[in-house]
Amino acid sequence: MILATTSHDFWLKFLTPRIWKRIHYLIYTAYISVVAHVSFGILQDQQNHTFTIIFIVAASVVAILHVMAALHERKHGDPFPSQSDDWVKACETSEMKEGFAKIVQLTQKERVAVFLHEGKLSAISNACAHQNGPLGEEKIIRCLVTCPWHGFQYDVTNGSSPAPFTEKVPTYNLKIEGTLILVNRQANTPGTFVEPLVLNSMEAV
Ligand code: FES
């Protein structure tokens, strides 16, 4: 009931995404309660083996997917750079792929999506202004990246949604040193335009 009631965007804005998200982590409690409830029901009805198998398979698939996601995150999450570095290594220039992003982890909670679009680099926060969806997982189309969760769009050069929408995410400054792309850990105010950085076409895939 709590999750359903607060699912409207009004509550997201009113509570702020951080608190809203914490409340919605209750989905795990709800899930465990459902599994426990059905399990006890099955224990009382040993005749219904088909339903038992379906239930065990469904619950196992959900659990396995969550464990796989956690392992993937641990394996691929970059170690946080030291707090004293103003510029953080993003990746080698040769690792960038036209139209896609490289996600850089600045702190435990802050990630930056560095995009390559038409041979130029731009960086915005990886967290969508709506519900923190992962912007860096999508491809750019006509300078806009579309959030994979609910479809909000952002111009990667200024972190702003196209009119008439008003959502904004922070942008970041970039520089290239040799073959390395570096991100400035100091986020710009959401909606700040940053001139895209030209990448030598021979350096990108
Ligand atoms: S999280 Fe909802 S549109 Fe991005």
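## A look at the sheet that holds strand β6 (residues 144–146)
Reasoning step 1: The 3 strands lie next to each other as β5-β6-β7, forming an open sheet whose pairing is antiparallel. Lying at the two open borders of the sheet, with one neighbouring strand each, are β5 (140–141) and β7 (153–155).
Reasoning step 2: Where β6 meets β7, 3 bridges bridge the pair, whose relative direction is antiparallel. Paired with Leu144 across the strands is Asp155, a residue of β7.

## What to know about the nonpolar core
Reasoning step 1: Within the largest apolar cluster, 16 residues are counted, with the highest numbers of intra-cluster contacts made by Met96, Val114, Leu121, Ile181 and Val183.
Reasoning step 2: Secondary structure elements with two or more residues in this core: β1 (87–92), β3 (111–117), β4 (120–125) and β10 (180–184).
Reasoning step 3: When sequence neighbours within four positions are dropped, the list of residues in contact with Val183 reads Asp86, Trp87, Val88, Ala90, Val104, Val112, Val114, Tyr172, Asn173 and Leu174.
Reasoning step 4: If you look at the next biggest cluster of nonpolar residues, it comprises 12 residues, including Ile124, Ile140, Val145 and Cys147.

## Some words on the domain arrangement of the protein
Reasoning step 1: Split into domains, the protein comes out as domain 1 (2–76) and domain 2 (87–198).
Reasoning step 2: On a C-alpha basis, the centres of domain 1 and domain 2 stand 31 Å from each other.
Reasoning step 3: In this complex, domain 1 contributes 7 residues to the contact, which on the side of domain 2 involves 6 residues.
Reasoning step 4: Of all residues in domain 1, Leu12, Lys21 and Glu73 bury the most surface against domain 2, accounting for 49% of the area lost on that side.
Reasoning step 5: One can count 0 salt bridges joining domain 1 with domain 2.
Reasoning step 6: The tally of links between domain 1 and domain 2 comes to 1 residue pair in polar contact (both at pLDDT 80 or more).
Reasoning step 7: For the side of domain 1 that touches domain 2, the leading source of residues is helix α3 (residues 17–24), giving 4 residues.
Reasoning step 8: The residue inventory of the side of domain 1 that touches domain 2, partitioned by class, reads 3 nonpolar, no polar and 4 charged.

## Description of the layout of surface pockets
Reasoning step 1: Considered as a void within the structure, the largest pocket measures approximately 1,400 Å³ in volume.
Reasoning step 2: What lines the largest pocket is a set of 35 residues, among which Glu73, Lys109, Arg111, Asn126 and Asn132 lie closest to the centre.
Reasoning step 3: Among the secondary structure elements, those contributing two or more residues to the lining of the largest pocket are α3, α5 (49–76), β1 and β2 (101–105).
Reasoning step 4: Taken together, domain 1 (2–76) and domain 2 (87–198) each give at least three residues to the lining of the largest pocket, which thus spans both.

## Some thoughts on the packing of aromatic side chains
Reasoning step 1: If you walk through the whole model with that rule in mind, you get 4 aromatic pairs.
Reasoning step 2: Consider the rings of Phe10 and Trp11, whose centres lie 5.2 Å apart with planes at 80°: the pair is edge-to-face.
Reasoning step 3: What makes Phe10 partly exposed here is its relative accessible area of 47%.
Reasoning step 4: On the basis of relative accessible area, Trp11 is assigned to the partly exposed category, the value being 28%.
Reasoning step 5: Following the ring pairs from residue to residue traces out a cluster consisting of Phe10, Trp11 and Phe14.
Reasoning step 6: Over the aromatic face of Phe100 sits the side chain of Lys97, whose NZ or CZ is 5.2 Å from the ring centroid.

## A look at the sheet that holds β1
Reasoning step 1: If you trace the 3 strands from one edge of the open sheet to the other, you get β1-β10-β9, paired in antiparallel fashion. Because the sheet does not close on itself, it has two edges, and the strands there are β1 and β9 (174–177). In this sheet, adjacent strand axes meet at a mean angle of 35° when their direction is disregarded.
Reasoning step 2: In terms of strand pairing, β9 meets β10 through 4 bridges, oriented antiparallel.

## Observations regarding the pattern of salt bridges
Reasoning step 1: Considering all chains together, one arrives at 2 salt bridges under this definition.
Reasoning step 2: The salt bridge involving Glu95 is made with Lys102; its shortest N-O contact spans 3.2 Å.
Reasoning step 3: On the accessibility criterion, Glu95 (39% relative accessible area) is partly exposed.
Reasoning step 4: Taking relative accessible area as the criterion, Lys102 reaches 28% and is therefore assigned partly exposed.

Analysis parameters
Residues numbered from 1 in each chain as written. Predicted model: local features only at pLDDT ≥ 70, side-chain atom pairs only at ≥ 80, totals over all residues. Heavy atoms only, no water. Pairing = 2+ DSSP bridges. Helix = DSSP H or I, 4+ residues; strand = E, 2+ residues; numbered from the N terminus. Core = buried A, V, L, I, M, F, W, Y, C linked by side-chain atoms within 4.5 Å. Buried < 20%, exposed > 50% of the residue type's maximum accessible area, 1.4 Å probe, protein only. Contact = heavy atoms within 4.5 Å. Domains from an automatic or database assignment. Buried area = accessible area lost by both parts, 1.4 Å probe. Salt bridge = Lys/Arg side-chain N within 4 Å of Asp/Glu carboxyl O. Polar contact = N/O pair within 3.5 Å; in protein donor to acceptor, adjacent residues only side chain to side chain. Nonpolar A, V, L, I, M, F, W, Y, C, P; charged D, E, K, R; others polar. 1 Å grid on protein atoms, 1.4 Å probe; cavity = no way out; pocket = protein on both sides within 12 Å on 5 of 7 lines; lining within 4 Å. Points joined across faces, edges and corners; volume = space filled by probe spheres on them. Phe/Tyr/Trp six-rings, centres within 6.5 Å; stacked < 30°, edge-to-face > 60°. Lys NZ or Arg CZ within 6 Å of the ring centre and 35° of its normal. Axes fitted to C-alpha atoms, helices over the stretch in contact; angles between N-to-C directions.

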